[in-house]
Amino acid sequence: MSQEDTYSSPTAYVYTRYDIDKPPPHPGKEWTRFICISDTHSRRYKVPNGDVLLHSGDLSSWGYAPQIETTIKWLEGLPHPVKIVIAGNHDLAMDLKCATDEQWAAQSGGLLPLKEVEGARARIHSESAKKAGIHYLEYESMSFTTNSGRTWEVYGSPGTPKYALGAFQYRSHSEEAVEVHSHIPPTTEILLTHTPPFGTCDRTRKDKHAGCPALAARLDSGKLMACKLHIFGHIHEAFGIAVKPADDSCCERISVNAAMPDSSLATIVDLLND
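Each value, and the rule that gives it
Residues numbered from 1 in each chain as written. Predicted model: local features only at pLDDT ≥ 70, side-chain atom pairs only at ≥ 80, totals over all residues. Heavy atoms only, no water. Helix = DSSP H or I, 4+ residues; strand = E, 2+ residues; numbered from the N terminus. Rg over C-alpha atoms; globule rule 2.2 N^0.38 Å. Buried < 20%, exposed > 50% of the residue type's maximum accessible area, 1.4 Å probe, protein only. Contact = heavy atoms within 4.5 Å. Lys, Arg positive; Asp, Glu negative; His and termini not counted. Charge placed at Lys NZ, Arg CZ, Asp CG, Glu CD. Salt bridge = Lys/Arg side-chain N within 4 Å of Asp/Glu carboxyl O. 1 Å grid on protein atoms, 1.4 Å probe; cavity = no way out; pocket = protein on both sides within 12 Å on 5 of 7 lines; lining within 4 Å. Points joined across faces, edges and corners; volume = space filled by probe spheres on them. Nonpolar A, V, L, I, M, F, W, Y, C, P; charged D, E, K, R; others polar. Core = buried A, V, L, I, M, F, W, Y, C linked by side-chain atoms within 4.5 Å. UniProt positions renumbered as here; feature names shortened; annotations may be inferred. Pairing = 2+ DSSP bridges.

A count of helices and strands for the chain gives 7 helices and 16 strands. What you see for the chain is a C-alpha radius of gyration of 18 Å, in line with the 19 Å of a compact globule of 274 residues. Principal axes of the C-alpha set define a box for the chain whose edges measure 55 × 40 × 35 Å. The buried share among the 274 residues of the chain stands at 57%. Taking contacts inside the chain between residues at least 6 apart in sequence as the whole, the part at least 24 apart equals 68%. Positive and negative side-chain charges in the chain, numbering 27 and 34 respectively, have mean positions lying 3 Å apart.

It is worth spelling out the environment of R253 at this point. Its place among the elements puts R253 in strand 15 (residues 253-257). A C-alpha to C-alpha distance of 22 Å links R253 and S263, two positions 10 residues apart in sequence. Those residues in contact with R253, other than ones at most four positions away along the chain, are L219, L224, C227, K228, A242, V243 and K244.

By the definition in use, this model includes 14 salt bridges. Note that K73 is salt-bridged to E69, the shortest N-O span being 3.9 Å. One end of the pair is K73 and the other is E69, both in helix 1 (residues 65-76) and 4 residues apart, which spans about a single turn. Note on E69: relative accessible area 21%, which makes it partly exposed. Among the salt bridges present, the one from K228 reaches D274, with a minimum N-O distance of 3.4 Å. In this pair, K228 sits in the loop between helix 7 (213-219) and strand 13 (229-232) while D274 sits in the segment after strand 16 (267-272), placing the two residues 46 residues apart along the sequence.

As a further point, take the layout of surface pockets. Its volume calculated, the largest pocket comes out at about 650 Å³. For the largest pocket, the lining is made up of 25 residues, of which N89, Y163, A164, H234 and I235 are closest to its centre. Considering only residue class, the lining of the largest pocket consists of 8 nonpolar, 11 polar and 6 charged. A volume near 330 Å³ is recorded for the second largest pocket. If one sorts the elements of the lining of the second largest pocket by residue count, helix 3 (residues 102-108) sits on top with 3 residues. Its residues assigned to classes, the lining of the second largest pocket shows 5 nonpolar, 4 polar and 6 charged.

Examined against the element boundaries, K29 turns out to sit in the loop between strand 3 (12-15) and strand 4 (31-37). Taking C-alpha positions, K29 is 45 Å from A164, a pair spaced 135 residues apart along the chain. Contacts of K29, omitting those with residues within four sequence positions, involve S148 and N273.

Glancing now at the nonpolar core. Generally speaking, soluble globular proteins have nonpolar side chains that are buried together. Residues V47, M94 and I124 are the most contacted members of the largest nonpolar core, which totals 34 residues. Within the residue set of this core, elements represented by two or more residues are strand 4, helix 1, helix 2 (97-100), helix 4 (114-124) and strand 7 (134-136). At 5 residues, helix 1 tops the list of elements feeding residues into this core. Ignoring anything within four residues of it in the chain, the contact list for M94 reads I68, A87, A120, R121, I124, Y136, E138 and F168. Core analysis: the next-biggest nonpolar cluster, separate from the first, contains 26 residues, L192, L229, V256 and V269 among them.

So, about the side chain of T267. Relative to the elements of secondary structure, T267 occurs in strand 16. When residues no more than four places from it in sequence are discounted, the contact partners of T267 are V14, Y15, T16, F34, I35, C36, F239, I241 and V256.

One non-glycine residue, D58, lies in positive phi territory at about 60 degrees. The phi torsion at S264 lies on the positive side, around 70 degrees, for a residue other than glycine. By the secondary structure assignment, S264 is in the loop between strand 15 and strand 16. You can call S264 partly exposed: its relative accessible area is 43%.

A separate point is the UniProt feature "domain: Calcineurin-like phosphoesterase" (unreviewed entry) in the chain. Within the UniProt annotation, "domain: Calcineurin-like phosphoesterase" (unreviewed entry) is assigned to residues 33-237. With 26% helix and 21% strand, residues 33-237 has its two end C-alpha atoms placed 25 Å apart.

With that settled, consider the pairing of strand 4. The buried fraction of strand 4 amounts to 7 of the 7 residues, a majority that puts the element mostly inside the structure. Every second residue of strand 4 is oriented toward a common face, with W31, R33, I35 and I37 on one face and T32, F34 and C36 on the other, all of them buried. Direction of pairing for strand 4 relative to strand 5 (residues 52-56): parallel, over a ladder of 4 bridges. From the neighbouring strand, I35 faces strand 5, where its bridge partner is L53.

Structural data, given as structure tokens:
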């Protein structure tokens with residue numbers, strides 16, 4: 001699996017570097033354009049238009065509901081007709097555990113107010129968000145149909161291996177980690193996770209791989225043959241793309257670490273509606 005800045009094949013075009021004021025033209029009605037972002041941390045970025053916006057978590061800087069509200073308002077104002085969003089380890093107010101789990105409270109010094117967490121979760125499922133095309137996924141699937149008639153199946157998971165204190169975390173190298181990723185349906189075509197898989201766009205500044213081994217095993221198991229696009233973030237400095245060529249166990253898969261802080265540009269992925 002190679003890591004590259006840009007990529008093209010008969011079924012995919014990927015752009016990580018381009019003029020934000022003049023992005024590459026949409027390739028046409030036979031294609032779906034995905035705009036991929038992650039780790040925006042309450043910041044607003046200029047992003048190109050497309051058929052679908054994918055946000056792979058860390059909506060907020062420190063997890064409080066007003067910070068999540070800032071990001072929701074920004075997403076509501078973007079023109080993409082479909083916006084699919086997951087949470088990340090920073091998004092404390094999206095995780096009910098942070099308001100109800102006494103073990104988490106003992107480690108963190110206290111629970112978040114339940115009202116704040118329930119409010120943040122209700123807000124991202126609100127009518128205003130729905131009218132703006134926002135779909136929030138938490139260990140669940142959805143499908144959508146583009147204007148050109150292509151239906152795509154998507155799965156979103158906010159889970160991340162435990163590192164310090166955070167939301168939606170699990171113990172790495174454990175049955176818990178395997179369980180989290182075992183629920184990704186075999187029919188998934190577009191996968192959003194907050195964590196990278198181990199060994200794919202996950203290298204830290206200390207030259208360590210920080211991705212999830214259980215997620216990597218699930219992706220390499222031959223049970224996700226339909227997965228064409230995997231979006232994640234979390235490890236900001238590992239921003240970039242990797243491509244797994246088609247073989248007997250899987251179609252061509254584009255993997256994108258779409259973390260914005262180290263790039264400031266969304267990744268554009270055009271997939272053929274085959």
